Amino acid sequence: MSFATTTYSLLANNGAVAAIVGSRISPYARNPEDAFPAIVFQIPMEEIESDSVGRDLMRIATIEITCLARTHVQADLLAEKVVLAIVGKTAARSLSIGRDFGDPYDGSNELVYRSTVTATFAGG
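The structure reproduced in this document is the subject of the present report. As the structure is a prediction and not an experimental result, all values here were calculated from the model. (Residues numbered from 1 in each chain as written. Predicted model: local features only at pLDDT ≥ 70, side-chain atom pairs only at ≥ 80, totals over all residues. Heavy atoms only, no water.)

Regarding its fold elements, the protein chain presents three helices and five strands. When the helices and strands of the protein chain are listed from N to C terminus, the series reads α-α-β-β-β-α-β-β. Taken over the C-alpha atoms alone, the protein chain extends approximately 55 × 25 × 20 Å along its principal axes. With 124 residues in all, the protein chain has 36% of them scored as buried. (Helix = DSSP H or I, 4+ residues; strand = E, 2+ residues; numbered from the N terminus. Buried < 20%, exposed > 50% of the residue type's maximum accessible area, 1.4 Å probe, protein only.)

Now the structure itself:
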């Protein structure tokens, strides 16, 4: 199973996360017409460790899960739910949360707040 599939399943199948975003979980980009709050995730880095004959032994990926909302409180609440979902995953480690905001991109005058959870996932 790919890290993208694993990440999507982890988020979509978590009741606390799904209660906030429903099905608004997307890889890499968000449609400007979609409602808030939402999640966009990406996998900017995947390392493949192999043995001396080239067999894959372990894959390690950096996963970035960006929680988008109209208020910083909503973005942080969603990020905390994401952290709890990840903590339950045994092959996850190195969690951090970064926060920022951006100008509206959907025709609204309201800012978009982003709380980004970064984690390292390992798999065989």
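Turning to the pattern of salt bridges, a few remarks are in order. This structure, assessed with the given rule, holds four salt bridges. Where Arg30 meets Asp34, a salt bridge forms, and the shortest distance between an N and an O atom there is 2.9 Å. As a salt-bridge pair, Glu46 and Arg59 come within 2.9 Å of each other at their nearest N and O atoms. Of the two residues, Glu46 is situated in strand S2 (residues 38–50) and Arg59 in strand S3 (residues 56–69); the sequence distance between them amounts to 13 residues. A residue is classified by how much of its surface remains accessible, and Glu46, at 34% relative accessible area, is partly exposed. Judged by relative accessible area, which is 28%, Arg59 ranks as partly exposed. (Salt bridge = Lys/Arg side-chain N within 4 Å of Asp/Glu carboxyl O.)

Taking 1.5 Å as the rise per residue, helix H3 (residues 72–87) with 16 residues should run 22 Å; its terminal C-alpha atoms sit 22 Å apart, in good agreement. All of the buried residues along H3 are Ala75, Leu78, Ala79, Val82, Val83, Ala85 and Ile86. Take H3 and look down its axis: the buried residues cluster within an arc of 160°, on one side only. Turned more than 90 degrees from where H3 packs its buried face, Val73, Leu84 and Val87 sit exposed. (Expected span 1.5 Å × (residues − 1). Arc of directions from axis to C-beta.)

Counted according to the given criterion, the structure contains one aromatic pair. With a centroid separation of 6.1 Å and 40° between ring planes, the pair formed by Phe101 and Tyr113 is classed as tilted. Taken as a pair, Phe101 in strand S4 (residues 92–102) and Tyr113 in strand S5 (residues 112–123) lie far apart in primary sequence, 12 residues in all. Residue Tyr113 is classed as partly exposed on the basis of its relative accessible area, which comes to 23%. (Phe/Tyr/Trp six-rings, centres within 6.5 Å; stacked < 30°, edge-to-face > 60°.)

Take Arg30: it is sitting in the loop between strand S1 (25–27) and S2. Among the polar contacts made by the side chain of Arg30, one reaches the side chain of Ser26 at a distance of 2.4 Å. Only 2.9 Å separates the side chain of Arg30 from the side chain of Asp34, close enough to count as a polar contact. (Polar contact = N/O pair within 3.5 Å; in protein donor to acceptor, adjacent residues only side chain to side chain.)

With 22 residues, the main nonpolar core has Val17, Ile39, Ile65, Val82 and Ile86 as its most contacted residues. In terms of residues, this core owes the most to one element, H3, which gives six residues. Setting aside residues no more than four positions away along its own chain, Val82 makes contact with Leu11, Val17, Ile39, Ile65, Cys67 and Val117. (Core = buried A, V, L, I, M, F, W, Y, C linked by side-chain atoms within 4.5 Å. Contact = heavy atoms within 4.5 Å.)

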